[in-house]
Amino acid sequence: AQKVTQAQTEISVVEKEDVTLDCVYETRDTTYYLFWYKQPPSGELVFLIRRNSFDEQNEISGRYSWNFQKSTSSFNFTITASQVVDSAVYFCALSEVKTSGSRLTFGEGTQLTVNP
Amino acid sequence: EPEVTQTPSHQVTQMGQEVILRCVPISNHLYFYWYRQILGQKVEFLVSFYNNEISEKSEIFDDQFSVERPDGSNFTLKIRSTKLEDSAMYFCASRFQGRTDTQYFGPGTRLTVL
């Protein structure tokens, strides 16, 4: 069975600090997808990024960057120069391709608070 | 930009009552999902739906739950006899096609069972 672990329950930083959110996953499949979603206080789930298991190239998008390491089954997310608006719960999720429905398995989430 | 919509945003019901949560997926999407999130907890998969039938369901999705696509646009989740523990945020999601596409989520319906 697939599993996603986000060991950091809460992180608190001061604005402009860099912050890294950790994600470790377990799956028996060789083909899978990893995702990060953001849940702001308003409650919706906002898609941030998707990575497939064959693409270990790290990505930078503005202040966001992602570090995918298959050898350690990790898919970490870094926010550079954090802002108050980044305060949210961040979820890492895994989707195995083999299942007909391709359900998402979510981690427990990391509550990020950015203080001014 | 197209988005998934859900109604109502908040539903309050008495234990034992039936509720229907409604979703309008993105128009050209083919796969539909329901997830739930109990307050303060992680998001959990309930069911996936494709080609007018359930393609996968979790152990949470027992006989009191059902899904339906009654017309070309709506996707509904029915809870037949609500329990206190059904209180949660229910998210609908949809994706275009293929097992690798991204699921896009609606804003959620907060269900409160009294």
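Up top is the structure.
All values reported here derive from a predicted model rather than from experimental measurement.

Scoring rules and cut-offs
- Residues numbered from 1 in each chain as written.
- Chains lettered and ligands numbered in written order.
- Predicted model: local features only at pLDDT ≥ 70, side-chain atom pairs only at ≥ 80, totals over all residues.
- Heavy atoms only, no water.
- Helix = DSSP H or I, 4+ residues; strand = E, 2+ residues; numbered from the N terminus.
- Rg over C-alpha atoms; globule rule 2.2 N^0.38 Å.
- Buried < 20%, exposed > 50% of the residue type's maximum accessible area, 1.4 Å probe, protein only.
- Contact = heavy atoms within 4.5 Å.
- Lys, Arg positive; Asp, Glu negative; His and termini not counted.
- Charge placed at Lys NZ, Arg CZ, Asp CG, Glu CD.
- Disulfide = S-S within 2.5 Å.
- Buried area = accessible area lost by both parts, 1.4 Å probe.
- Salt bridge = Lys/Arg side-chain N within 4 Å of Asp/Glu carboxyl O.
- Polar contact = N/O pair within 3.5 Å; in protein donor to acceptor, adjacent residues only side chain to side chain.
- Pairing = 2+ DSSP bridges.
- Axes fitted to C-alpha atoms, helices over the stretch in contact; angles between N-to-C directions.
- Phe/Tyr/Trp six-rings, centres within 6.5 Å; stacked < 30°, edge-to-face > 60°.
- Lys NZ or Arg CZ within 6 Å of the ring centre and 35° of its normal.

Participant: What exactly am I supposed to notice about the overall build of chain B here?
Facilitator: A tally of regular secondary structure across chain B gives 0 helices and 11 strands. Each helix (α) and strand (β) of chain B, taken in turn from the N terminus, gives the series β-β-β-β-β-β-β-β-β-β-β. Taking 2.2 N^0.38 as the reference for a compact globule, 114 residues should give roughly 13 Å; the C-alpha atoms of chain B span a radius of gyration of 13 Å, in line with that estimate. Dimensions of chain B, computed from the C-alpha atoms along their principal axes, are close to 40 × 30 × 30 Å. In chain B, which comprises 114 residues, the share counted as buried stands at 46%. Expressed as a percentage of contacts within chain B between residues at least 6 apart in sequence, the contacts between residues at least 24 apart total 54%. In chain B, 11 side chains carry a positive charge and 14 a negative one; their mean positions are 1 Å apart.

Participant: Where do I start with the state of the cysteines in this structure?
Facilitator: By definition, a disulfide links the sulfur atoms of two cysteines through a covalent bond. Summed over all chains, the structure comprises 2 disulfides over all chains. Note that Cys23 of chain A is cross-linked by a disulfide to Cys92 of chain A, the S-S spacing being 2.0 Å. Disulfide Cys23 of chain A-Cys92 of chain A: the torsion about the S-S bond is -65°, which places it as left-handed. Of this pair, Cys23 of chain A sits in the loop between β3 (19-21) and β4 (24-26) while Cys92 of chain A is found in strand β10 (residues 88-96), placing the two residues 69 residues apart along the sequence. Owing to a relative accessible area of 0%, Cys23 of chain A belongs among the buried residues under this scheme. Across the disulfide from Cys23 of chain B sits Cys92 of chain B; the S-S distance is 1.9 Å. Measuring the twist about the S-S bond at about -65°, one finds the Cys23 of chain B-Cys92 of chain B disulfide to be left-handed. Of this pair, Cys23 of chain B sits in strand β3 (residues 19-24) while Cys92 of chain B is found in strand β9 (residues 88-95), placing the two residues 69 residues apart along the sequence. When sorted by exposure, Cys23 of chain B lands in the same class as Cys92 of chain B, which is buried.

Participant: Hey, could you run me through the interface of chain A and chain B in this one?
Facilitator: Interface size is often expressed as the accessible area that is lost when the parts come together. Counting from both sides, the interface comprises 21 residues of chain A and, opposite them, 23 residues of chain B. Summing both partners gives a buried area of about 2,000 Å² for chain A against chain B, and 51% of it is carried by carbon and sulfur. Across the salt bridge formed by Lys42 of chain B and Glu108 of chain A, the nearest N and O atoms sit 3.9 Å from each other. Linking chain A with chain B are 6 residue pairs in polar contact (both at pLDDT 80 or more).

Participant: Just to check I follow, could you spell out the pattern of salt bridges for this structure?
Facilitator: A side chain with one charge may pair with a side chain of the opposite charge, provided their charged atoms come close. Residues and elements named next belong to chain A. Under the criterion given, the structure shown has 6 salt bridges over all chains. The partner of Arg63 in a salt bridge is Asp86, with the nearest N and O atoms 2.8 Å apart. Of this pair, Arg63 sits in the loop between β7 (59-61) and β8 (64-69) while Asp86 sits in the loop between β9 (74-79) and β10; the two residues are 23 residues apart in sequence, bridging distant segments of the chain. Asp86 gets classed as buried once you look at its relative accessible area, which sits at 1%. A network of salt bridges, in which partner residues are shared, links Arg51, Asp55 and Glu59.

Participant: How should the sheet that holds strand β7 (residues 65-68) of chain B be read in this particular structure?
Facilitator: The strands that make up a sheet pair up through hydrogen bonds in the backbone, lying either parallel or antiparallel. Residues and elements named next belong to chain B. Strand order in the open sheet formed by 4 strands is β1-β3-β8-β7, and the pairing between neighbours is antiparallel. Of all the strands in the sheet, the pair left with one neighbour each is β1 (5-7) and β7. Each strand axis lies, on average, 20° off the axis of its neighbour in the sheet, ignoring direction. Note that β1 and β3 share 3 bridges and pair antiparallel. Bridge pairing links Thr7 to Arg22 in β3.

Participant: I'm lost on the packing of aromatic side chains in this one. Help?
Facilitator: When we look at a pair of aromatic rings, we describe it by the centre distance and by the angle of the planes. Under the criterion given, the structure shown has 27 aromatic pairs over all chains. With 6.5 Å between their ring centres and 35° between their planes, Tyr33 of chain A and Phe35 of chain A make a pair best called tilted. We note that Tyr33 of chain A, like Phe35 of chain A, is buried. Chaining the aromatic ring pairs together yields one cluster made of Tyr33, Phe35, Tyr37, Phe47, Phe91 and Phe106 of chain A together with Tyr33, Tyr35, Phe45, Phe91, Tyr104 and Phe105 of chain B. Its end group placed over the ring of Tyr31 of chain B, Arg95 of chain B keeps NZ or CZ at 3.9 Å from the ring centre.

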